[in-house]
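# Structure assessment
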Amino acid sequence: MKIFHSITDFSSARKTIVTLGTFNGVHIGHKKIIEKLLQSAAETGSESLILTFFPHPRMVLQESSEIQLLNTLEEKIKLLENSGLDNLIIHPFDEAFSRLTAEEFVSKILVEKFNIRKIIIGHDHRFGRNRTANIDDLIVFGQTYGFEVEQISAQEIDAVSVSSTKIRNALLEGNISLANEYLGYPYLLTGTVVKGKQLGRTIGFPTANLHIAENYKLIPKIGVYVVQSVLEGKIVYGMMSIGTNPTVGGDSLTIEVYFFDFGADLYGQKIEISILDYIRDEEKFASVDLLKEKLYQDMDYSLSWIKSNG
C-alpha cells in the first residue's frame, strides 16, 4: 500500500476506484466498503484509493470539540495496510479545504488528481462547502465528468448494524466483547512504556505504565481487563488496569499492564495492547493485602479466559 500525506502528492496514469471518509475504527462496516472497492478495482484493472483526513474534520470545524477517536492515525494506517488497498491518502483537513464547493472537489480532486473511474459511497454521504451536496448531486457530477457512482444502500449498512458510535458506547460501558465483534479485531491501545510509581513490583505485580500521546484516542471504561501484546516477537498475555489506583491514594488516570511470564525491561518502548475482555470495575480496598488478593483472583480469571478463548 502506498501512503500519501496530501492529495497533491498523488498521481496515477491508471484509473482509480475511490471511496472516502474518516474510517473511524476501520470496523466491519468499513471493511464491507473496502471489499467492494477492491473487487471493483480488480474487475476493471484500476487502482483502489481511499481518501481520509487528519485531523478529523470536527477537530477543525468545531471549536469546543473533544472528539474521541477509536484509532490513532498510526493504528488506522496499520489496519488499512492489512486490507490489500493500493493507495491511502491522508489529507490534512483545514478550513481552506472545507471551503471547497462540491463541484470544485469533484473537478479538481476526483477528476483531475485521482483520474477517477468510479466512486463508492454511502447513501447518506454529504460533501462540499457546508456539506450541502448529497448522493444525488454526486450522480449528476458523475454524468457530467464521466465517472460512475456506486451507492451503498441503507439496507446494506443496516444489515451490518454497526457504527463508530455503537463501538464507542460499548467501550465506555466496558462491553469489550461487543466492541470487538463490531470492530472485527480486539480494540487497541498503543503507547510508550514510562516509569510509574513502581508500587506494583512491591506486591508482586510489576506493571508497564502506558503513556498514550494522542489525547483524542478513546480510553475504555475504568476497570480491569484481559489483554495481549506481541513482545520480542511472541504473543504475551496479561491484565491491564485503567484507573486512579484509589487503594494507594492515586488521583490521576493511569494505564498499567501486568504481563504473565514476561520480565524484560520495556521502558521507552512503544507497544500495542489488544484488549480481550473486561474483568471488573476498579475498587478501593481497605488494605494493600486485600488488593493483592483481588489481583490474584483477576489473574486466575484471566488465565481461565485465555485457556477457553486463546
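Residues numbered from 1 in each chain as written. Predicted model: local features only at pLDDT ≥ 70, side-chain atom pairs only at ≥ 80, totals over all residues. Heavy atoms only, no water.

## Regarding the sheet that holds strand S5 (residues 116–122)
As summarised here, the arrangement of the six strands in space is S1-S4-S3-S2-S5-S6, forming an open sheet in which the pairing is parallel. Edge positions in the sheet fall to strand S1 (2–4) and strand S6 (148–152), since each has one partner strand and no second. Between one strand and the next, the sheet's axes are offset by a mean angle of 20 degrees, whatever the strand orientation. Two elements, strand S2 (residues 16–20) and S5, share three bridges in a ladder whose sense is parallel. By the bridge assignment for S5, Ile17 is matched with Lys118. (Pairing = 2+ DSSP bridges. Helix = DSSP H or I, 4+ residues; strand = E, 2+ residues; numbered from the N terminus. Axes fitted to C-alpha atoms, helices over the stretch in contact; angles between N-to-C directions.)

## Here we look at the packing of helix H5 (residues 102–111) against helix H6 (residues 135–145)
Across the interface, H5 lies against H6 with an axial gap of 11 Å and an inter-helix angle of 50 degrees. With respect to their mutual orientation, H5 and H6 come out oblique. Here H5 runs over H6; the crossing is right-handed. Of the residues in H6, those touching H5 at Ala102, Glu103, Val106, Ser107 and Val111 are Leu138, Phe141 and Tyr145. (Parallel < 35°, antiparallel > 145°, perpendicular 65-115°, else oblique. Left-handed = near helix turned anticlockwise from the far one by under 90°. Contact = heavy atoms within 4.5 Å.)

## Some remarks on empty space enclosed by the protein
Per the stated rule, a full pass over the model turns up two cavities of 30 Å³ or more. Counted as a void, the largest cavity has a volume near 80 Å³. Along the walls of the largest cavity sit Thr22, Asn24, Gly25, Phe53, Phe54, Pro55, His56, Leu69, Asn71, Thr72, Leu73 and Lys76, which together make up its complete lining. Looking at the lining of the largest cavity residue by residue, the classes come out as five nonpolar, six polar and one charged. (1 Å grid on protein atoms, 1.4 Å probe; cavity = no way out; pocket = protein on both sides within 12 Å on 5 of 7 lines; lining within 4 Å. Points joined across faces, edges and corners; volume = space filled by probe spheres on them. Nonpolar A, V, L, I, M, F, W, Y, C, P; charged D, E, K, R; others polar.)

## Some thoughts on the layout of surface pockets
Each pocket or cavity is described by its volume, and for the largest pocket that value is around 1,500 Å³. Taken together, 45 residues make up the lining of the largest pocket; nearest its centre are Gly21, Thr22, His56, His125 and Arg131. Here the residues of the lining of the largest pocket sort into 19 nonpolar, 19 polar and seven charged. For the second largest pocket, the calculated volume is near 630 Å³. What lines the second largest pocket is a set of 34 residues, among which Ser241, Asn245, Val248, Glu256 and Leu291 lie closest to the centre. Elements represented by at least two residues in the lining of the second largest pocket include exactly strand S10 (234–243), strand S11 (254–259) and helix H10 (288–309).

On their own, these measurements won't tell you what the molecule is for.
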